[in-house]
There are 2 protein chains.
Amino acid sequence: MDIKSVQLELKKQKITARLFTLGNMFINEDILDSENRILELTNFSGSYGILLVTQTKAYLFIDGRYEIQATREVNLKKVELVKLSTIGFFDWLKTNFSKTPITMSYNPWVISISYLKKLSSTLPKATFVPIEKENLLLSPNNVKVFTHAKKFTKYISKDKISDFTRFIKKQGLDAYLVTSASNSSWLLNLRSNALPYSPIFRAYVLVEKNGSYKVFANHSDYPNAIPFNQLKEHLEKYEKIASDNKTTPSIISSYNPNLIHKPDEITNLKSIKNSTELKGIKNAHIRDGVAVCKFLYWLSKNYKDKTEIDIAEKLLSYRKKELNFHSESFATIAGFGENSAVIHYHATPKSNTTIKKNSVLLLDSGAQYLDGTTDVTRTIAIGTPTPDMIEKNTLVLKSHIALASAIFPKDTTGNEIDLIARYPLLKQHLNYEHGTGHGVGHFSNVHEGPFSISLKAKHSAPLKPGMVTSIEPGYYKEKAFGIRIENLYYIKPTKNPAFLTFEVLTLIPLDKSLINKYLLTQDEINFINNYHHQVFLSLKKYLTKQELEWLKVCCAPL
Amino acid sequence: MDIKSVQLELKKQKITARLFTLGNMFINEDILDSENRILELTNFSGSYGILLVTQTKAYLFIDGRYEIQATREVNLKKVELVKLSTIGFFDWLKTNFSKTPITMSYNPWVISISYLKKLSSTLPKATFVPIEKENLLLSPNNVKVFTHAKKFTKYISKDKISDFTRFIKKQGLDAYLVTSASNSSWLLNLRSNALPYSPIFRAYVLVEKNGSYKVFANHSDYPNAIPFNQLKEHLEKYEKIASDNKTTPSIISSYNPNLIHKPDEITNLKSIKNSTELKGIKNAHIRDGVAVCKFLYWLSKNYKDKTEIDIAEKLLSYRKKELNFHSESFATIAGFGENSAVIHYHATPKSNTTIKKNSVLLLDSGAQYLDGTTDVTRTIAIGTPTPDMIEKNTLVLKSHIALASAIFPKDTTGNEIDLIARYPLLKQHLNYEHGTGHGVGHFSNVHEGPFSISLKAKHSAPLKPGMVTSIEPGYYKEKAFGIRIENLYYIKPTKNPAFLTFEVLTLIPLDKSLINKYLLTQDEINFINNYHHQVFLSLKKYLTKQELEWLKVCCAPL
């Protein structure tokens, strides 16, 4: 399919516009490239975007992280880019389409109930036409489904379901349909290799208040599952049934008129990691630290003539050697020089750049281990960095430390804590066009709710003890260089349980050649020295003699 | 009326509980002591509280600002205090009353439509009984209503109403009922002396989409007004009519079933001060600075044997001499020694304390001038302060400076900026049980929406250029001393209009004897020195020779 054929179809059917969002029937979860209609139509490969095709034009809406990348990937003669940093999508719709009664087609398996509601209230005069003839269910692709063992999860599926029925009963429901694949995976203690980076089992679970449940999935993936095309008949009978309208495809609301919205409690339950999960996550971070340090030592000796793609492959090869390794947790971002300024850069054969002196390599990567998920960004000087790079890296480091060492009252939400990190950068009239942090799953999605440390997340959930989050401020100078410093942390109470704070998980040294200590306060210097001391103690017994010598230098006090 | 008679009435009528909130038919606005049923029943004089009387008990719900004060004022044998810092009122209701079908009586002129809704959804099994036999309309009390002149407001009432009809038409309404007295006052450019501190005209305005309007008020206050008891017949005829359900008494929803909720746009319009208003506010702050400095000079020579009440009276006498003075903007808080730890302290003949060495005086006061409203808190050492007082004052000052010198993206809300101020205190595991800042009216309420710099204001509006806010972090050590440092600021864009910052309005020196400069960064020292330089330049020509000498010392660089 291409844009022209979409437009021909629109003309034939007398429809004003066709809406494409990124997704499949598991809304807000990762998708395969083969399911990505926006990639197919525009060549844009970012993880977020909205495409609106009218009979004569095509608009791609992209956020701040993808402004540079979209310009590189998309044919701008055919597709007009709209920056969401200048106007929100719904405001744009209101401005351009609210005057006249338009018709807009959409895929009812990919547009959620809540999204359709928002579209309808934004354009009250519009008619929305679900296009149902397409193949909307997931295609089978030799998926292996496996159990996530009790030694990693602490609780077996039966106990989780019994816990969840308390929520169902409290809400006065007969049944609840779990439509988030990562929530289904958590509830069933099942995982799969359906996706390259998120080990989730793509299934719905229908749980009754008495604890009995049915799993809906591709039959080929999981023999006990009921195929998705039987969902309607299984839903019809309930008088009091709910699902989360943010993750439920709008078509499902037609299956049962009694279906109401209740936020999926599993999103909260799974975000708070239990003692076994936290222990696993800590262990996974030690192994991940070992793998990355071995790689960084190798890089320090071997960067010459290596490309960004070589770098990503070499890093993966070190991680693969570690216990419990399953996969990367997302496509490694290895951006050198100018490419480091592209927030979500992925090297393609065309853009692939050879590492050489004197600039920075921005390396954002992570892994799925059976006992935990990692996500870390380091910005590494190759050769001699410029004074500007050192100054900006030090500033981003101040931002990172400001939030990482914060103490905050319980009930504080993600958006309420975001400015703590931006503060040092904003004081220099600088900012970064992405969030400050995201929740991280336990051998699950590397981006997980219910909170987000972002000024855009106006309804973020509160941060609670046991949650895992990234802290990742950055600075990006287009066509020059980019900086990001990211660690994962878990949230824990202070001595006074009314206050919370962060405890670090990531154990990988910062590049001191990019730090100007004269721009730091003594508290900030202490933070870095203490962190490096902890890194050294945690990793030292897993390294070769040469690697250890290298780490000792990396972790020596400033 | 006393609690016993309320309980007798409950038993007679077989009602489980009676709810009292602070207010009259102008919900969320100031009230007279004579209208304050909670004061009458419990002797609690705070500006916020909820009283719930059951047949056998009475519960007073108070927030962090009033925990100490309530203990002092209320007879704890008769009234049980519930701290809202430990449990929210609605959570308390759910815990205590959700199991059984109770009946609860309330005054439908004092409980808003939105509050009643929240009560009903919190206790779905409860029956709510409006008590209508009471005298619910305001009693006449020789009110003088007067015009707020164009030279202060820039826009005449006719233009404001015409502006407002655009909002009415945009919402597809025939008419809008303005029920907030301060919004009515702004729209009509009318003020009154009905209240001691807020110069607002207590009226409703019914505006039609064609621009015609009707004013509802006590006839004795304003001869052109329609009495409130004719409101029903004037509202009945509209098919499309709205009001703000947060400020509209619940009884009014029974006057017209078509009445729907739309947030009152005047709350936003009046919060953004125009050029004339801002100029007036700046001038008012110069005069207020002169008055307070003259007082502080007097205090430095004459504190001996003076009481807290003497202090408040003397300060008022200096303000009264200034041009355009109308009244204080709230009851002065002059708390000495232990009393300074009571966040909203008001000296009574019983508590009135004589100033003596060596402690601190917390002085929170402000004035209504025709051209602007002021609100300032200074903590002043009397004699030699303790090292702890100096350390904590310096810490609160760091908190104040952190927020006052922040740069933040537009669309940032009040709750998203609050932690910037708390950060330095929280790092020492300290906090203050009140908000960090509130909007301030223009010759209107000293507390004004739509935003609030507070972690409790989860739905705060964004901060916008032209808004005026206080910044007022504090520290309170019960039975020892309290610190608060408050200035007013207006919000303005930086060179980059995507970023906003604060510009100071208050011009009164900080007490340097309470500052330990070795705990400050160079940036913080520069902030203080620049501020004192600005104070000195702004005030110097309005002081006597002796006062000027004193100010010079106060404003000399640290």
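Residues numbered from 1 in each chain as written. Chains lettered and ligands numbered in written order. Predicted model: local features only at pLDDT ≥ 70, side-chain atom pairs only at ≥ 80, totals over all residues. Heavy atoms only, no water.

A short note on the interface of chain A and chain B
Taken together, the contact pairs 27 residues of chain A with 27 residues of chain B. The contact between chain A and chain B buries some 2,400 Å² in all, and 64% of this surface belongs to carbon and sulfur atoms. Remark: the boundary between chain A and chain B carries two salt bridges. A salt bridge links lysine 458 of chain B to glutamate 416 of chain A; its shortest N-O distance comes to 2.7 Å. The interface formed by chain A and chain B contains 10 residue pairs in polar contact (both at pLDDT 80 or more). Counting only elements with at least two residues in the side of chain A that touches chain B, the list comes to α13 (387-404), β20 (407-409) and α14 (414-427) of chain A. Broken down by element, the side of chain A that touches chain B gets its largest block of residues, eight residues, from α14 of chain A. (Contact = heavy atoms within 4.5 Å. Buried area = accessible area lost by both parts, 1.4 Å probe. Salt bridge = Lys/Arg side-chain N within 4 Å of Asp/Glu carboxyl O. Polar contact = N/O pair within 3.5 Å; in protein donor to acceptor, adjacent residues only side chain to side chain. Helix = DSSP H or I, 4+ residues; strand = E, 2+ residues; numbered from the N terminus.)

Topic: the environment of leucine 177 of chain B
Residue and element names in this part refer to chain B. Mapped onto the elements of the fold, leucine 177 is located in strand β8 (residues 175-178). Residue leucine 177 is classed as buried on the basis of its relative accessible area of 0%. Each C-alpha atom of the pair leucine 177 and serine 340 lies 42 Å from the other, and the pair is 163 residues apart in sequence. Here leucine 177 is in contact with Tyr204, Val205, Leu206, Leu231, Leu235, Ala242, Ser243 and Ile252, once residues within four sequence places are set aside. (Buried < 20%, exposed > 50% of the residue type's maximum accessible area, 1.4 Å probe, protein only.)

Let's talk about helix α16 (residues 545-555) of chain A
All names here are of chain A. Among all positions of α16, only Glu547, Trp550, Leu551, Cys554 and Cys555 are buried. Along the long axis of α16, the arc covered by the buried residues comes to 125°, so they all point the same way. Opposite its buried face, α16 presents the exposed residues Lys545 and Val553, each directed more than 90 degrees away. The secondary structure elements touched by the buried residues of α16 are α11 (275-302) and α15 (522-539). (Arc of directions from axis to C-beta.)

Focus: the confidence of the model for chain A
Detailed reading of the predicted model is not advised wherever pLDDT is low. In this model, chain A carries a mean pLDDT of 95, and residues with pLDDT of at least 70 account for 98%. What the predictor reports for the complex is a pTM of 0.94 with an ipTM of 0.92. (pLDDT = per-residue confidence, 0-100.)

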